[in-house]
Every structure is written in C-alpha cells, then in structure tokens.
Amino acid sequence: MRQNFIGVLLLVAILVSGCTSSNAQNDVLQVADEKKESLTIQLISSNTVMPNERHHLAHRIELFQKEHPNVDIKIVWNQSYISGGKASWFKTNDPSYLYDGDAQKTPDIVELVPNQIKDLYRLGRIEPLNMNESVLNEYLITSNDGYVLGVKSKINPLLLYYNKGIFESLGIDLPSEQWGLSELNRAIAILKAAGYEVYIPLSPYTLEWATSLFGGRIAGVDGTILTGYLDSEETLKAARWISSIGTKIEFQGGHLERVFPYELLGGKTALAIEYGYGFLPRSVNSYEEIAQHNEQIHIAGVPIGVNGINPAQISALSLTSRSKSKDLAMKLLRYLTKDRSTLYSDIATHTLNAFMKPLNLPVSEERTSIMLEEMKRSLPATLYMHENTTAVIHTFYKSAIPNPLIEIRDGQGGIDQLKQYIDQLKQ
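Since we're looking at a predicted model, the values are computed, not measured. Numbering of residues starts from 1 in every chain and runs along the sequence as written. pLDDT decides what is reported in this predicted model: residues at 70 or higher carry local features, side-chain atom pairs at 80 or more are listed and counted, and totals for whole chains, interfaces and linings draw on all residues regardless. Only heavy atoms go into the side-chain values, all of them from the structure, while hydrogens and water stay out.

Peer 1: Looking at this structure, how should I read the packing of helix H6 (residues 181–193) against helix H8 (residues 233–245)?
Peer 2: How two helices sit against one another is set out by the angle between their axes and by the gap between those axes. Axis definition: a line fitted to C-alpha atoms, limited for helices to the stretch in contact. Angles are taken between N-to-C directions and run from 0 to 180 degrees. Every helix listed is a DSSP run of H or I at least four residues long, and every strand listed is a run of E at least two residues long, numbered separately from the N terminus. It is the contact of H6 with H8, at a shortest axis distance of 12 Å, that shows an interaxial angle of 20°. Between H6 and H8, the angle falls in the class roughly parallel. As for how H6 packs across H8, the hand of that crossing is left-handed. Between H6 and H8, the contacting residues are Leu181, Leu184, Asn185, Ile188 and Lys192 on the first element and Trp241, Ser244 and Ile245 on the second. Comment on the angle field: the value is read as roughly parallel under 35 degrees, roughly antiparallel over 145, roughly perpendicular from 65 to 115, and oblique elsewhere. Put simply, a crossing is left-handed when the front helix is turned counterclockwise from the back one by less than a right angle, and right-handed when it is turned clockwise. In what follows, residue pairs with any heavy atoms lying within 4.5 Å of each other are defined as contacts.

Structure below.
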C-alpha cells in the first residue's frame, strides 16, 4: 500500500513537472513572438517590380534580416512620391504622409533627397541619427546645425561624355576634371568648326556647375539663401555661356532618337555634359550602356578647374520621427555602412539598379573608377527638390526648363529673370 501511494505521488510529480515545462515553453514562445520587431522601408526605383535580389540595396537589407530572424522587414517601392511627372527641380510637399501633421502610419526609413530631408527635419518629421563618427562624414547628409539626418543611398554625378576618335582626329587633348573654362571652350570651338555638335543643355543643374566655373555659387553656404547668389553676375554669365553653346532639346513628333544619348551614339555629337544615370524605357540608361553601344564614347570627370563643383542628384535613407522601431532602424543603417571600403561601389550599384535593368555585359573597371571618383567629389545639387526616376537620362523630359531660364537661353533676359526664378522657387 505504501509503495502504491509513493507511485501515485511520483506520477503526479511527473505530470506537474511536464505541465510546468510545457507552460514554460509556451511562455518562452509567447515572449519571443512579442519581441518580434518590424521595419517598413520606402525606396525609389524606376523598376518597382524587379525582385529584391536584383536590387543591390534591397538585397543587402534582406541579408540583415537573415542575420536577425526575429525581424520582419517590408520594402515598399515607388517610382517617385508625386504624380504627373513633375521635373525634379520643382518643390513639392511630398511624400504627403510626412508633410501631413495628422498622418499616423509612416515608414520607419524613407529614401529622400537632401532638400526634402532638411525641410522635414525643420518640421520635426525626421529624426537625427546617432552616427557622429568622422569617418562616415562623406556618406552622410547633415543639417545646418550639424545633426546627421541621412545616409547616402544614391549619387548621380554629372559626367563629360566625348567621342575619343573625333577628339584624336582633330588633335584635341582628351578631357579631364582638371579642365577649366579655357580648355573646354577651346575644345568646343574646334568641334563646332569641324561640323560636330556639343550637348550642354541649360538646366538648374548645369547652371550650378557652370556658375562654379565662373567663380560663383547659386546659393549661400547653408544652401537655402538664393538672393545675391542665384541672381548674381556670375550666374548670369554662366547661363549665357551655356546658352551660347546652342543646345536645345526638341521632341519633334516624339522622336526620341533626336535627343541625348542618341546623337552622341550616332556620331553627330562629340562632347556632352549629362548625368551618369537616367531612365528611358527599353533603351540606353547609363554611362556604361552608352559606352558599350559605341566603343568610341568615353567618359571623364566633369571639368571643374580651380573653383568648380559637381552638383549631383543625391538621395539618402532617413529615419522618420514617428517610427516605432528606431533602435532597429539604427542597427540596419549601421549595418549598411559597416564596410566603408565598399560604400561608394555599393551606392553606385544601387543607383544603377534603381534607374535600369542590371547590365548583361561586364562593367568597365576604368569607367567605374571614373564614376566613383566623381561620386566622391560631388556635392548635393542645390535645386534637386525630389527624386523622379521616370525621367529620361537628360534633365528636362516631360517639363520645360523654368521659364526665366528659357528667356535667358533665348537671349531675352538677364538679372531680372534670375530674380523671377528665385521668386518661383519660394512659392
């Protein structure tokens, strides 16, 4: 009897122990489930249906997720934050969910251009990042008071495209970023005398570059004060110099073969200043593809002489103030910047993926090296107001250049037109 009683006690103990163990496991699973974190990231790309593994940045984000199995990451793709194909130099209050003070649902990390980032920071919608290491400075977007606001994700610098065969046949020195106005003007004069065309369109971006060649700038040091800069004599000289080159983009009957890069590929144009990346559906979309379509086409750093700059179209990843996963977002941003030896090549690859399909042919190491150097020495374009990847490679598809610049280009304006342009930008 005593033995039976002890046996019953042991059985009860085992059952209680099992239940306790089972409950403990359930508790652990419940805690683990409660600790599962999530991130929503909004990125800009012309191709929003390409699998994540074909987008370099998205692929790296997925690698981070694999290292953190308790993290659920959702990437939301957009071609731009606005509709209607507005040119990138027009200011907008988009994305609306960040400008709207009542909006509750926002991504944790969002890809924006520096002007948007700084504007939204002033409104309290962007959170400063705890990334103050000096070794990261060149990869960061900062506020005027020194706070880190974003990590660069795309850099699209201006490049000089030239037909090497034509240059050599005419005895013109091959171009480089060390060229100034005199060297550039000499090459343009020789090419035009030989019957070749030169492509340097007047736009807010080429205007900023050319103004720097004349020793001026279109904005104050903080990038917001335009009066006294955009309407200066140096800016007017730059606008008239570009206009004198005679580049006009005409969409006659919708024939895109009459615009960049087709005339460059066809041999009619021997020199061009344009961005390294763009998007033209089913066509040629980057410096690398242009060169691969015509072996005579080479690239060089855009001439800057002594005082010049390269105003690049730059985007960055920023943390929204309404994010509920700020610590996790910071972990991801640090993960993306941990290998500084490959940061520029990572940014270049993401920019390439965002504007076009991946290349099927090997990428030239020489051209890639030139591109990376231009990225390193570029600055954010002052008048780059939003990213729109649906625009073709040249700078004013779907929208004319600002009317005051058209008047100057056509010889009908001066300082007064530049003042009008400033007034338009303030609206």
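Peer 1: Help me out: how do you make sense of empty space enclosed by the protein in this one?
Peer 2: In this approach a probe as big as a water molecule rolls over the atoms, and the regions it shows empty are the leftover space. Here a cavity denotes a set of grid points, spaced 1 Å apart and computed over the protein atoms alone, in which a 1.4 Å probe fits but from which it cannot get out, and a pocket denotes an open set meeting protein on both sides within 12 Å along at least five of seven lines; residues with an atom within 4 Å of a point are reported as lining. Grid points are joined across faces, edges and corners, and a volume is the space filled by probe spheres set on the points. One pass over the full model with this rule turns up three cavities of 30 Å³ or more. Of the pockets and cavities examined, the second largest cavity occupies roughly 100 Å³. For the second largest cavity, the full set of lining residues is Leu57, Arg60, Val151, Lys152, Ser153, Leu317, Leu336, Thr337, Leu343, Asp346, Ile347 and His350. Sorting the residues of the lining of the second largest cavity by element identifies helix H2 (56–67), strand E6 (148–156) and helix H12 (343–355) as the ones contributing at least two each. For the lining of the second largest cavity, the residue count by class is six nonpolar, three polar and three charged. Amino acid classes used here: Ala, Val, Leu, Ile, Met, Phe, Trp, Tyr, Cys and Pro are nonpolar; Asp, Glu, Lys and Arg are charged; the rest, including Gly, are polar.

Peer 1: Is there a simple way to think about the pattern of salt bridges in this case?
Peer 2: Side chains bearing opposite charge may pair, as long as their charged atoms lie close to each other. When a carboxyl oxygen of Asp or Glu is within 4 Å of a side-chain nitrogen of Lys or Arg, the pair counts as a salt bridge. According to the stated counting rule, one finds eleven salt bridges in the structure shown. Salt-bridge contacts for Arg409 lead to Asp410; the nearest nitrogen and oxygen are separated by 3.2 Å. Exposure categories follow from relative accessible area, calculated using a 1.4 Å probe and restricted to protein chains: below 20% of the type maximum is buried, above 50% is exposed, and the middle band is partly exposed. Residue classification places Arg409 among the partly exposed positions, given a relative accessible area of 21%. Through salt bridges with shared partners, a single ionic network connects Lys91, Asp119 and Arg122.

Peer 1: What exactly am I supposed to notice about the environment of Ser378 here?
Peer 2: Position of Ser378 relative to the elements: it lies in strand E12 (residues 378–380). Exposure remark for Ser378: the relative accessible area of 6% places this residue in the buried category. For Ser378, the contacting residues outside a window of four places in its chain are Ile155, Pro157, Asn310, Ala312 and Ile314.

Peer 1: Explain helix H13 (residues 365–377) here, please?
Peer 2: Every α-helix winds through 3.6 residues per turn, so residues three or four apart in the chain are directed the same way. The length a helix should cover is 1.5 Å for every residue beyond the first. For H13, with 13 residues, the first-to-last C-alpha span of 19 Å sits near the 18 Å given by 1.5 Å per residue. Listed as buried for H13 are Arg367, Met371, Leu372, Glu374 and Met375. Down the axis of H13, the buried set is contained in an arc of 160°. They therefore lie on one face. Exposed residues on H13 whose side chains face more than 90 degrees from its buried face are Glu365 and Glu366. In protein, a polar contact requires one atom able to donate a hydrogen and another able to accept it; more generally it is a pair of N or O atoms within 3.5 Å, and residues adjacent in sequence count only if both atoms are side-chain atoms. Residue Ser364 occupies the N-cap position of H13, its side-chain oxygen lying 3.3 Å from the main-chain nitrogen of Glu366. The reported arc concerns the directions from the helix axis to the C-beta atoms and nothing else.

Peer 1: It is not clear to me how the sheet that holds strand E10 (residues 297–301) should be interpreted in this structure. Could you clarify?
Peer 2: Consider a sheet: its strands pair through backbone hydrogen bonds, and that pairing is either parallel or antiparallel. The rule for pairing is simple: two strands pair if DSSP sees at least two bridges between them. Read from one edge to the other, the open sheet built from four strands follows the order E8-E9-E7-E10, with strand pairing classed as mixed. In the strand order of this sheet, the two ends are held by strand E8 (197–199) and E10, each with one partner. Strand-to-strand twist across the sheet, computed as the mean angle between neighbouring axes with direction ignored, equals 20°. Sheet analysis places strand E7 (residues 158–163) next to strand E9 (residues 269–275), joined by five bridges and oriented antiparallel. If you follow Tyr161 over to E9, its bridge partner there is Ala272.

Peer 1: Quick question: what am I supposed to make of the side chain of Asn163 here?
Peer 2: With respect to the secondary-structure elements, Asn163 resides in strand E7. Relative accessible area serves as the criterion here: at 6%, Asn163 is assigned to the buried category.

Peer 1: Explain the layout of surface pockets here, please?
Peer 2: Empty space within the largest pocket amounts to approximately 1,100 Å³. Considering the residues around the largest pocket, the lining is formed by 44 residues, among which Lys118, Asp222, Gly223, Pro380 and Thr382 are closest to the centre. Counting only elements with at least two residues in the lining of the largest pocket, the list comes to helix H4 (114–122), strand E5 (140–142), helix H7 (204–213), H13, E12 and helix H15 (415–426). Sorting elements by how many residues they give to the lining of the largest pocket places H4 first, with six residues. Residues that form the lining of the largest pocket fall into these classes: 17 nonpolar, 15 polar and twelve charged.

Peer 1: How should I be thinking about the pairing of E9 in this particular structure?
Peer 2: On a regular strand, one side chain projects to one face of the sheet and the next to the other, so that they alternate. Among the seven residues in E9, seven count as buried, and that is most of the element. Inspection of the sheet shows E8 paired to E9 by three bridges, in the parallel sense. Across the sheet, residue Glu197 finds its bridge partner in E9, namely Thr269.

Peer 1: Please explain the nonpolar core as it appears in this structure.
Peer 2: Among the nonpolar cores identified, the biggest contains 66 residues, and Ile61 and Tyr161 are the most heavily contacted of them. With seven residues, helix H11 (residues 326–336) is the single largest residue contributor to this core. In these notes, a set of buried Ala, Val, Leu, Ile, Met, Phe, Trp, Tyr and Cys residues joined through side-chain atoms within 4.5 Å is what counts as a nonpolar core. In this structure, Phe167, Ala187, Ile406 and Ile408 belong to the second largest nonpolar core, which totals 52 residues.

Peer 1: Quick question: what am I supposed to make of the packing of H2 against H12 here?
Peer 2: At a minimum axis distance of 7 Å, the contact between H2 and H12 shows a crossing angle of 120°. Regarding the angle of H2 to H12, the classification is oblique. Counted together, His56, Leu57 and Arg60 of H2 and Asp346, Thr349, His350 and Asn353 of H12 form the full contact between these two elements. Split into classes, the residues belonging to the contact of H2 with H12 amount to one nonpolar, four polar and two charged.

Peer 1: Help me out: how do you make sense of the confidence of the model for the protein in this one?
Peer 2: Atom-level detail of predicted coordinates should not be read off regions where pLDDT is low. For every residue, the pLDDT score states the predictor's confidence, bounded by 0 at the bottom and 100 at the top. On average, residues of the protein score 83 in pLDDT, and 82% of them reach the 70 mark or higher. Throughout residues 1–34 the model reports pLDDT below 50, and contacts reaching past four residues in sequence, or to other chains, amount to one contact. Throughout residues 393–398 the model reports pLDDT below 50, and contacts reaching past four residues in sequence, or to other chains, amount to 36 contacts.

Peer 1: Hey, could you run me through H12 in this one?
Peer 2: The first and last C-alpha atoms of H12 sit 19 Å apart over 13 residues, in line with the 18 Å expected at 1.5 Å per residue. Most of H12 sits inside the fold, with eleven of its 13 residues counted as buried.

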